[in-house]
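Below, each chain spelled out in residue letters.
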Amino acid sequence: MVDLRSYVPEEIPRGAKFFILASAINGVANGIFNVIIQLYYVAVGFDSSALGDLFMMNPLGAAIFIIPAGILADRYGKRRVMMVGWVFSLTAFSLVTTTYDLALLRIAFFLFGLNNATSVVLGPIYSGFYEKGELDRAFGILGFVNIFMMSVGSLMGHIPPMLVSDYGLTKISAYWWVLLTGVTLAIGTMPVWYLSTRGIPEPKAVDGFKIVLKSKGLVAKSTFFNLVSGVGRGVFFSLFPYYVNVKYGVESDALGNMFMVANFVIAGAQFVAPRISERFGNLRTSSAAVLLATPIYFMFPFAPDFRWISALYFFRFGVANVASPLMGAFFMGNLDEEEKSTASSITAMGSYAGGFLSPWLGGRLMKVSLGLPIWVGACLYAFFAATYYPLMRSEERKREKVTAVE
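It should be emphasised that the depicted structure is a prediction, and the values quoted were computed from it without experimental measurement.

A few points about the nonpolar core
Part 1: Formed by 125 residues in total, the largest nonpolar core has its most connected members in Y41, Y126, F240 and F300.
Part 2: Dropping the residues within four chain positions of it, F300 is found in contact with F236, F237, F240, I309, L312, Y313, R316 and I374.

Encoded structure:
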């Protein structure tokens, strides 16, 4: 039998259980959005440039608000900032489900970005449930549950073709009904997120306005890596559904199957990551995973059909996602409690800035050549893979010295 103690925390507190449940429901909703949203707007009539302009608004809003959200969370409380994000999200959902106007949709996706900025509090909230030695396993099980449930959501890609063939709906209407299902689930997570935050300590009232940030080197390097890896990954993969639809004629059912299998692979990778980390160390394991994923990225332009590109997608994201929970645990584990939200907001800005640039850049590169974003993204990702370990190793040594002195 498998000894689960090597993969999950010894004890999962009540708040963490609600947190994982909310993440699971949200995973289903995200699985639906990943499969449906781009094909929905392709059916409406948007091209790659329009999609790029639309999807860059989300990370733009997040990049603008992410640092203020982190600072406000450390000063006024994580729960309050999270609830402000829900107001943005509810407004955005109302627009997405009622209009095809590109200008209004840009506003909606910008509001989604503002909501995503407030999610900077989620990592600090979740890490606060555990001791430092439990973080690898805690983030591993969270990532596993979230990605596994995204696989369930991906299966909803089978619904639109069924609605079209069996019930005579138009393709746009079929996509809309499935999109509405995802919206309903996303809204349903809000009370569960709230329950997860009950009992967490609120910050003490202080006079004046002070930003607490001690780990400046770690934050600066993490922000840089988030930017480079975000552009490298997103310049192609943010428009992956559009790419396979144009090149191979893939619709939502086949894409849903692919995402389902990919998410199972990713979930498994995140589940076993803490066990591998225990043997080889957090930083060595995450660095090796990123490095091994890089040559697979360069193979995508040579995939002759959808089966081959699906296999490459499974391998690439399976290997790379061994690193995902470990990088989050490494970062949180090397921060002091009072700086976590602020530090997380700054590094997340790097991710969102990369997310802002990548669909805009990818949409325009695809106008030149459909496969050009792959080469640009793979080269950037190779640079990230080559520099991550040596720069982060110096931060690890600093923390080891501080711990030894204490």
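Once you've had a look at it, read on.
Observations concerning helix α2 (residues 48-55)
Part 1: Of all eight residues in α2, eight are buried, a share of seventy percent or more.
Part 2: Here α2 has its buried residues at S48, S49, A50, L51, G52, D53, L54 and F55.
Part 3: Those residues of α2 hidden inside the fold are in contact with α1 (14-44), α3 (57-76), α5 (102-118), α12 (240-248) and α17 (340-368).
Part 4: Between a side-chain oxygen at the N-terminus of α2 and the backbone nitrogen of S49 the separation is 3.2 Å; the capping residue is D47.

Examining helix α4 (residues 78-96)
Part 1: End to end, α4 covers 27 Å across 19 residues, agreeing with the expected 27 Å (1.5 Å per residue, within 8%).
Part 2: Listed in full, the buried residues belonging to α4 are K78, R79, V81, M82, G85, W86, S89, A92, F93, L95 and V96.

Description of the pattern of salt bridges
Part 1: The tally for this structure, following the rule as stated, stands at five salt bridges.
Part 2: When the shortest N-O distance is used, the salt bridge between D53 and R106 registers 3.8 Å. Note that D53 is positioned in helix α2 and R106 in helix α5, a separation of 53 residues in sequence.
Part 3: Residue D53 is classed as buried on the basis of its relative accessible area, which comes to 14%.
Part 4: Overall, R106 belongs to the partly exposed group, its relative accessible area being 30%.
Part 5: For E251, the salt bridge goes to K171, with nearest N and O atoms at 3.7 Å. Here E251, found in the loop between α12 and α13 (252-280), pairs with K171, found in helix α9 (residues 171-188); they are 80 residues apart in sequence, far enough to count as distant.
Part 6: For E251, a relative accessible area of 30% gives the class partly exposed.
Part 7: Via salt bridges that share partners, D53, R106 and R364 belong to a single interconnected network.

Quick notes on the rules
Residues numbered from 1 in each chain as written. Predicted model: local features only at pLDDT ≥ 70, side-chain atom pairs only at ≥ 80, totals over all residues. Heavy atoms only, no water. Core = buried A, V, L, I, M, F, W, Y, C linked by side-chain atoms within 4.5 Å. Buried < 20%, exposed > 50% of the residue type's maximum accessible area, 1.4 Å probe, protein only. Contact = heavy atoms within 4.5 Å. Helix = DSSP H or I, 4+ residues; strand = E, 2+ residues; numbered from the N terminus. Polar contact = N/O pair within 3.5 Å; in protein donor to acceptor, adjacent residues only side chain to side chain. Expected span 1.5 Å × (residues − 1). Salt bridge = Lys/Arg side-chain N within 4 Å of Asp/Glu carboxyl O.

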